[in-house]
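Spelled out, the chains give:
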Amino acid sequence: TINGAATLQSIEVSPGNSSIAESTKLVVTATGVYSDKTTVDLTDDASWTASPGTYITMERSNGSNSIQATATAAAGADRTEVITATYSGVSGSTT
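Please read all numbers here as calculations on a predicted model, not as lab measurements.

Moving on: the sheet that holds strand S4 (residues 47-51). With antiparallel pairing, the 3 strands of this open sheet are ordered in space as S4-S7-S8. The open sheet terminates on both sides in strands that have one partner only, identified here as S4 and strand S8 (90-94). In this sheet, adjacent strand axes meet at a mean angle of 20° when their direction is disregarded. Pairing geometry for S4 and strand S7 (residues 82-87), over 5 bridges, is antiparallel. Residue pairing for S7: Ala50 is matched across the bridge by Ile83.

Written as structure tokens, this is what we have:
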């Protein structure tokens, strides 16, 4: 654990439920919420995935503490991606 005896309870991925145009980037972050109600920025430490991974790519932003999702196709009802951050066996997602 990062905070002594506190344990990671959940991960909040922001921004939530976003839509991005083709060839644009969206910066996403992960915030860990611990059992003692403290929060910790886990953006750089989390593992990131996009599922199904067909319409966006995930990449680290030049050593900064952020992750970028880049749209590889125009948004549409049939082009939903779930972006997930995982740290210490806990995951949080957004679409």
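And the narrative resumes.
This part takes up the pairing of S7. Pairing between S7 and S8: 5 bridges, direction antiparallel. Opposite Tyr87, over in S8, you have Val90 as the bridge partner. The antiparallel pairing of S7 with S8 creates a hairpin that spans 2 residues between the two strands, and Ser88 there sits at a positive phi of about 50°.

About the criteria used
Residues numbered from 1 in each chain as written. Predicted model: local features only at pLDDT ≥ 70, side-chain atom pairs only at ≥ 80, totals over all residues. Heavy atoms only, no water. Pairing = 2+ DSSP bridges. Helix = DSSP H or I, 4+ residues; strand = E, 2+ residues; numbered from the N terminus. Axes fitted to C-alpha atoms, helices over the stretch in contact; angles between N-to-C directions.

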